[in-house]
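# Fold and contact review
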Amino acid sequence: MAKSRPYFPAQDVLSSAQGTVRSREWEGPTRWVEYLGTETTSRNNGAAEGTTTQNSGGSSQKGLNMQWVYQLTHVAEGLMAKMYRLNQILDYPDLVNHIYTEAFWKAGLFPNYPKICILLEKKFPEHHSKLQLERVDKFALDAINDSADVHLQSLEPWIQLLLDLMAFREQSLRLILDLSSTVITLLPHQNSLILHAFMDLFCSFVRVNLFSEKIPRKMMLQTYNLLHAMTRNDRDCDFYHRLIQFVDSYDPPLKGLHEDLNFVSPRIGEVLEAVGPIIFLSTDTRKLRNEGFLSPFHPRYPDILTNSAHPMRAQDLANVTSYREWVLFGYLVCPDELLRVTSIDIALVVLKENLVITLFRDDYILLHEDYQLYVLPRILESKKMAKSGRTKQKEADLEYSVAKQVEKMISEVHEQALYSCDAIHQERRILLKQEIGRMVLFFTDQPSLLAPNIQMVFSALAFAQSEVLWYFQHVGIPSARSKTARVVAVEIDPNDPTIGFLLDGMDRLCCLVRKYIAAIRGYALSYLSSCAGRIRFLLGTPGMVALDLDATLKGLFQRIVQHLENIPKPQGENISAITCDLSELRKDWLSILMIVTSARSSINIRHLEKATVSTGKEGLLSEGNAAYNWSRCVDELETQLSKFGGLKKLYFYHQHLTTVFRNTMFGPEGRPQHCCAWLGVASSFPECASPIVPEEATKIGRDAVLYVESLIESIMGGLEGLINILDSDGGFGSLEMQLLPDQAANLMNLTSRLSIPSMKSPKASYGFHLPGYESYPENNSSIKMLEAAMQRLTNLCSVLNDMEPICVLNHVFVLREYMRECILGNFKRRLLTVLKTDSDLQRPSVLESLIRRHTSIVHLAEQHVSMDLTQGIREILLAETYSGPVSSLQLFEKPAEQQTGSATEAVCNWYIENIVKDVSGAGIIFAPLHRCFKSTRPVGGYFAESVTDLRELKAFVRTFGSYGVDRLDRMLKEHTAALLNCIDTTLRANRENLEAVAGSMHAGDRMETEASIKQIVDMDTMVRFCIQAGQGIAFDSLLAEASGIVLEEGAPLIHSLLAGVANHLPDEIPEKKEIRRMRRVANTVNVVRDHDYEWIRSILEEVGGATDGSWSLLPYLFATFMTSTIWNTTAFNVDTGGFSNNVHCLARCICAVIAGSERVRLEREYQQKQSLSNGHFSEPVDLETQNYLAIEGSIKSIMQLFIKFSAGVILDAWSETNRSHLVAKLIFLDQVCEISPFVPRSTLESHVPYSILRSMYSQYYSNSPAPLALMSGSPRHSPAMSLAHASPSLRQPRADGTPLSNANDSGYFKHDQYETDNVSLRSIDHKNRNVRRSGPLDYSLSRKTKFVEGSTSGSTGPSPLPRFAVSRSGPLSYK
């Protein structure tokens, strides 16, 4: 060494009176109990004693104890873990610029008085008494004095760390010097085991001292001594001056390392030269590929399955990562070795592909900056000395030339590394991706060859491990250029897909090794058994006998043979059950190596080689080294896998790991099967926790769990993305685009007329593509995208389904369950999303098609997983549609905590608010002919007919099922019940007036009738309420009809059963509960005779309505409605079969309420009579039927009464000056007769002649824009209507590419207008109205009637009143 290092005994370092710092032994393993643990120390002591005993028995042999080497290497890890933790606590201070964050001072380690502490550091190594601190900050100094004991105690463990660093330096340096001076050879092919132990200790020694520069050693020591002086009467701590000298000598650390390792430098240079060929080979990707160093079969001779061309080199490649570190550290601390002729090429190769060198975990130093600061000056000094000595010695020219080349290399290699290092490693990663991929396929196909090639597998794992770690170690590294002052970041591509391939390849290789671990152990045991015979033979050769080994060495050899011969023989399938510990074999072999490689031994390695080389076989040492390596495949295979294929260090880059995963996993070259490897690395993260720092285990475990959760979130997000891509309009939606027949006809006509070559596609005009559009090459990308998305989705589902659970500490992540929750959760979110469009509710038919499309995608994924996703979808649909038990089917009570389906609630509320109540004022009217509701302007995004026709309601029923139908039915009942309550209130409030009206009507007193009608309060409001009730009745009728159609399509047997039962239900009074319940069930699917009547009856029974006697005045109240002002704004529309202000809904309300209330009222009276008889009154069954007929007769008489008095009010109010609303009122009465099954039209004819009604209808239909033949059948079945529907001229195609779900939409307000092809007569529901088939609309094409009266009228207006202007006679005098 350049200058000697003092040796400090423990009694000098730690004062006996000093109680603040723990006292330790300076020598031996017992000092490092904290770092090694009690068990490790005792085991090492036992091994040391055994070695000493064995060695003392020999004559002159003295071997070093290798356990001390391993021990100090382990101690170095603990020391760096402590320094790493200290850095974390102090928030990584900038010691060069003396910049400290607020967290540094709040950590509680140093007094929070920066001026004092920073001054002490800057003036190091001056004593604090010479700095006049009271002048710097007197207040701070006093405060420090007051709390000196507290701060002294907080600094004690870290001052002890400085003492440990000093002790480690002394012990490890002594051991390094001893090994360097006594071991004969340190070449990798002769003494690899001791070489690796020696170089590991060497690198650990360098790392510890370089890392110590990152902690505030000066501030710690100076502040501690100040605090000690304050509490000990200005007396320095006893170890102060020694630590000052230690810290100062390693400031900077490389200065001290150059001096300490000066004597070891030549041996380091020899080692680095020896590993040079392996390093060159590892950088030559072409040679590695062409010669098959990482291939189990020879690339030029594929028939040779086991590639035995380069077994030793392939084995050495497993250590190439260590060799590169040796080069980087070796030339950094031993710069004189760069002046060797071959060293410059070795250094250039390694420096060119690295920018940093890792010290510990994710802490690093900038490699090229340190080489320029500390290595280059030594080279320049050597160059200067060689130049000055040119005339004195001949070697000076060569030395000068080499020094000049080294200077140029160090000066230029930084620039080269900045621009080429990423490309070099990119090429290497591609090579490894290919080689490992082939290796996995080969060993999967030929697992029997895995065991003989296990060292090659380790080499591939080590290579890949090195490249993956290099990638993340260099992400975002700032590096100052050598010639400029600006800082640049290394351009590492975060989208590099090779990382995923390498992680996946390593994971699959490790899985193969673990899968066939029994075969590997069996092969290793067989090799060791055969090795025993070879070693015994070599020990008995004449050359070995002539060596005359001493007893110790001979005993060790005999023990080796005994160990090998005692190995259990593998037989059959019992290999996995064999357990053997070969650690003693390895210890004994290391003891032999330490003896025969020691310069103090009389028998050394050269003697053994010469004695056994004449046999023509492997030498004794080669056999022993091979046995050592194969023994590790028996009982330390997991350790080997962890060493070469472990990726636990990726924990310190887990944020970068997550970023790269997200950028590459679902990229163009991402593979779903890589998920296993990305997630699997987290299982080894907790191994990074150091036992020296207990709190690390919790933090690292928590971070590992968060990493896995983050990746799972990304994977599930990608899975959702793939599903949503397929579920989009550009995915499967593009395959659903279809044309209606009229749209296709228009498109074909248009394209046949196009003769201009530039107008080959009508897309610009109509938005529809011709058949085969997707087959054109320019449109092929969309189909390829769909295929790729489907392939990736199925692959990802298959991988996640087969993936083993990920275990991190006590957390177990089962990806199958995450996938299930993801798919079903996405389905639920998608369902709730598609319920609404940007403007309003989604059409039920579109909603149904979207659900079916998404379900088909889930079924596609379900084929590749072993779980029932369909059941999950059903549960979600049930949960979203369930709104309590179906009132007519299920008798149980709904639990209080049961949540109702939000989807059903949203849709049903929308229908009630926007269609039934019309809160938006869109002008909702019910069109009886079209069996739907219409609107004058859009309701949200659509016209009302687009969401209320039978097709849409059938889609609603199919989507939301019986629960959705029941919920909507209940909401309609609640709304209608409230309106019926208003009728009850009106009857009660106006009872006297209505009685007066009834009396005057019967008496025929017109004046009294008019006066009494005027006394009725809020008549117009009541009429509007009744119209709303009629709208609710009409909507529920449509809903029941849609439910019946869906039931008949899906379950025709159940539908036919209900229909048959409904036709044979007994009509009796009182009605049994079961019969009533069955009737209600039949009513919900529209298989009863009169839906409206039964529905109103069920409402009144549920709410207890029609109980008051005033309900007998109901027909008189309804008759007074003929005087309402509502008739001033109404007009009959032949296109819809109703009135412009929904007065026709009033007719449905009147018919249903009169019939339902009368039935409920009379049933209640009958039950009261029966209860008054106290059970003694009994009636035969026939009498019960007679009671029902009596109720039916009562309803008919009340309806006739209503028709009579209504006609009277209408005709009495008519005069020459007031006749504008006569026609509307008469048509209204005609509709009442048509709707009600209890009153025939002949009833009206007795008050209003049939000829007048016929004349009115004839005038309306003759003035309609599209006169159609009036047939007795449904207009939808007439030839004229069929022609009108099929005519392309009547339906204008849209210009956009609307798919089938929207293409048949006649109500989308952006494109469609009211269709005029549905103009026809009122469509009578023959299924429900089959009691009578006569009426004023019974016309056909063969029957044309010409009316003489009014023939001169040429009016085309909507009102037929001018027809009566020529006739003064007519049915106007009826009472």
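Since the structure is predicted, the reported quantities are computational estimates derived from the model, not experimental observations.

### With respect to the overall build of the chain
Looking only at helices and strands, the chain features 56 helices and 10 strands. Within the chain, residue pairs in contact and separated by at least 24 positions form 77% of the contacts whose partners lie at least 6 positions apart. A total of about 60100 Å² of accessible surface is found on the chain, and carbon and sulfur atoms cover 53% of it.

### Brief notes about helix H6 (residues 114–122)
Along H6, the residues that are buried comprise Ile116, Cys117, Ile118, Leu119, Leu120 and Glu121. On its buried face, H6 is in contact with helix H5 (102–106), helix H7 (133–136), helix H8 (138–146) and helix H11 (217–231).

### A word on the environment of Tyr1093
Mapped onto the secondary structure, Tyr1093 falls in helix H48 (residues 1091–1103). We classify Tyr1093 as buried; its relative accessible area is 6%. Once residues lying within four places of it in the same chain are set aside, the contact partners of Tyr1093 are Ala1152, Ala1155, Gly1156, Arg1159, Ile1195 and Phe1238.

### Looking at the packing of aromatic side chains
Considering all chains together, one arrives at 36 aromatic pairs under this definition. Both rings, one in Tyr100 and one in Trp105, keep their centres 5.8 Å apart while their planes meet at 65°; by these two values the pair is edge-to-face. In this pair, the class of Tyr100 matches that of Trp105, namely buried. With a centroid separation of 5.6 Å and an interplanar angle of 80°, the aromatic rings of Tyr1093 and Phe1238 are classed as edge-to-face. In this pair, Tyr1093 sits in helix H48 while Phe1238 sits in the loop between helix H52 (1222–1235) and helix H53 (1241–1245), placing the two residues 145 residues apart along the sequence. Phe1238 sits in the buried class, given a relative accessible area of 11%. Aromatic rings pair up to connect Tyr84, Phe211, Phe360, Tyr651, Phe652, Phe685 and Tyr707 into one cluster.

### Section: helix H25 (residues 551–565)
Taking 1.5 Å as the rise per residue, H25 with 15 residues should run 21 Å; its terminal C-alpha atoms sit 21 Å apart, in good agreement. The N-cap residue of H25 is Asp550: its side-chain oxygen and the backbone nitrogen of Thr552 are 3.0 Å apart.

### Remarks on the packing of helix H43 (residues 991–1003) against helix H44 (residues 1006–1014)
Running from N to C, H43 and H44 cross one another at 165°; their axes reach a closest spacing of 8 Å. Between H43 and H44, the angle falls in the class roughly antiparallel. The handedness of the crossing between H43 and H44 is left-handed. Packed against H43, whose contacting residues are Asn993, Ala996, Val997, Ser1000 and Met1001, the element H44 presents Glu1008, Thr1009, Ser1012 and Ile1013 at the interface. A class-by-class count of the residues in the contact of H43 with H44 yields four nonpolar, four polar and one charged.

### Regarding the nonpolar core
Residues Tyr911 and Phe1228 are the most contacted members of the largest nonpolar core, which totals 385 residues. With 16 residues, helix H9 (residues 148–182) is the largest single contributor of residues to this core. Discounting residues that sit within four places of it in the chain, Phe1228 has contacts with Met1122, Trp1127, Phe1139, Val1143, Leu1146, Ala1147, Ile1150 and Phe1202.

### Considering the pairing of strand S1 (residues 356–360)
The side chains of a regular strand alternate, residue by residue, between the two faces of the sheet. Burial analysis of S1 places five of its five residues in the buried class, which makes it a mostly covered element. With four bridges joining them, S1 and strand S2 (residues 363–366) adopt antiparallel strand pairing. Considered in S2, the bridge of Thr358 is made with Tyr364. Counting the residues that bridge the hairpin from S1 to S2 gives two residues, and of these Arg361 lies at a positive phi of roughly 55°.

### Some words on the confidence of the model for the chain
Per-chain confidence: the chain averages 79 in pLDDT, with 79% of residues scoring 70 or above. Considering only residues more than four positions removed or in separate chains, one finds that residues 480–489, a stretch of pLDDT under 50, has 24 contacts.

### Describing the packing of H11 against helix H12 (residues 240–249)
Running from N to C, H11 and H12 point in directions that differ by 165°, and their axes come no closer than 11 Å. Classified by the angle between their axes, H11 and H12 sit roughly antiparallel to one another. Here H11 and H12 pass one another in a crossing that is left-handed. On the side of H11, the interface is formed by Arg217, Lys218, Leu221, Gln222 and Asn225, while H12 contributes Tyr240, Leu243, Ile244 and Val247. Considering only residue class, the contact of H11 with H12 consists of five nonpolar, two polar and two charged.

### Some details on the environment of Leu1222
Mapped onto the secondary structure, Leu1222 falls in helix H52. Judged by relative accessible area, which is 13%, Leu1222 ranks as buried. For the pair Leu1222 and Leu1211, spaced 11 residues apart in sequence, the C-alpha separation works out to 7.8 Å. Residues contacting Leu1222, with those up to four places away along its chain left out, are Ile1210, Leu1211 and Trp1214.

### Notes on the environment of Leu272
Positionally, Leu272 belongs in helix H14 (residues 265–283). Measuring from C-alpha to C-alpha, the distance between Leu272 and Arg324 comes to 9.2 Å, with 52 residues separating the pair along the chain.

### Re the side chain of Ser172
Counting through the fold element by element, Ser172 comes out in helix H9. Residue class for Ser172 comes out buried when judged on its relative accessible area of 0%. There is a polar contact of 2.5 Å between the side chain of Ser172 and the backbone oxygen of Phe168. Apart from the residues within four sequence positions on either side, Ser172 is in contact with Leu72, Leu201 and Phe205.

### Observations concerning unusual backbone geometry
For the bond from Phe124 to Pro125, the omega torsion is 10°, close enough to zero to count as cis. Take Pro125: it is sitting in the loop between H6 and H7. Of note, the bond from Asp251 into Pro252 is cis; its omega dihedral lies within 30 degrees of zero at 0°. Turning to its location among the elements, Pro252 is positioned in the loop between H12 and helix H13 (253–260). Backbone geometry at Arg931 places phi at a positive 55°, although glycine is not the residue there. Within the element layout of this structure, Arg931 appears in the loop between strand S7 (925–927) and strand S8 (932–934). Note on Arg931: relative accessible area 18%, which makes it buried.

### Section: the pattern of salt bridges
Opposite charge on two side chains allows them to pair when their charged atoms are near. For the structure on display, the rule yields 60 salt bridges. Between Arg361 and Glu696 there is a salt bridge whose closest N-O contact spans 2.5 Å. Remark: Glu696 occurs in helix H32 (residues 695–726) and Arg361 occurs in the loop between S1 and S2; sequence separation between them is 335 residues. Glu1165 serves as the salt-bridge partner of Arg1161, at 3.1 Å between the closest nitrogen and oxygen. With Arg1161 and Glu1165 both in helix H50 (residues 1143–1172), this residue pair falls four residues apart, about one helical turn. On the basis of relative accessible area, Glu1165 is assigned to the partly exposed category, the value being 33%. Within the structure, one salt-bridge network assembled from shared partners comprises Asp969, Lys973, Arg1076, Arg1080, Glu1094, Arg1097, Glu1101, Glu1102, Arg1159 and Glu1163.

### Re the side chain of Arg267
Topologically, Arg267 is positioned in helix H14. Within polar-contact distance, the side chain of Arg267 engages the backbone oxygen of Ser180 at 2.6 Å. Beyond its immediate sequence surroundings of up to four residues, Arg267 is in contact with Ser180, Val183, Ile184, Thr185 and Leu186.

Definitions and limits used
Residues numbered from 1 in each chain as written. Predicted model: local features only at pLDDT ≥ 70, side-chain atom pairs only at ≥ 80, totals over all residues. Heavy atoms only, no water. Helix = DSSP H or I, 4+ residues; strand = E, 2+ residues; numbered from the N terminus. Contact = heavy atoms within 4.5 Å. Areas by Shrake-Rupley, 256 points an atom, 1.4 Å probe, with all protein chains shown as cover. Buried < 20%, exposed > 50% of the residue type's maximum accessible area, 1.4 Å probe, protein only. Phe/Tyr/Trp six-rings, centres within 6.5 Å; stacked < 30°, edge-to-face > 60°. Expected span 1.5 Å × (residues − 1). Polar contact = N/O pair within 3.5 Å; in protein donor to acceptor, adjacent residues only side chain to side chain. Axes fitted to C-alpha atoms, helices over the stretch in contact; angles between N-to-C directions. Parallel < 35°, antiparallel > 145°, perpendicular 65-115°, else oblique. Left-handed = near helix turned anticlockwise from the far one by under 90°. Nonpolar A, V, L, I, M, F, W, Y, C, P; charged D, E, K, R; others polar. Core = buried A, V, L, I, M, F, W, Y, C linked by side-chain atoms within 4.5 Å. Pairing = 2+ DSSP bridges. pLDDT = per-residue confidence, 0-100. Salt bridge = Lys/Arg side-chain N within 4 Å of Asp/Glu carboxyl O.

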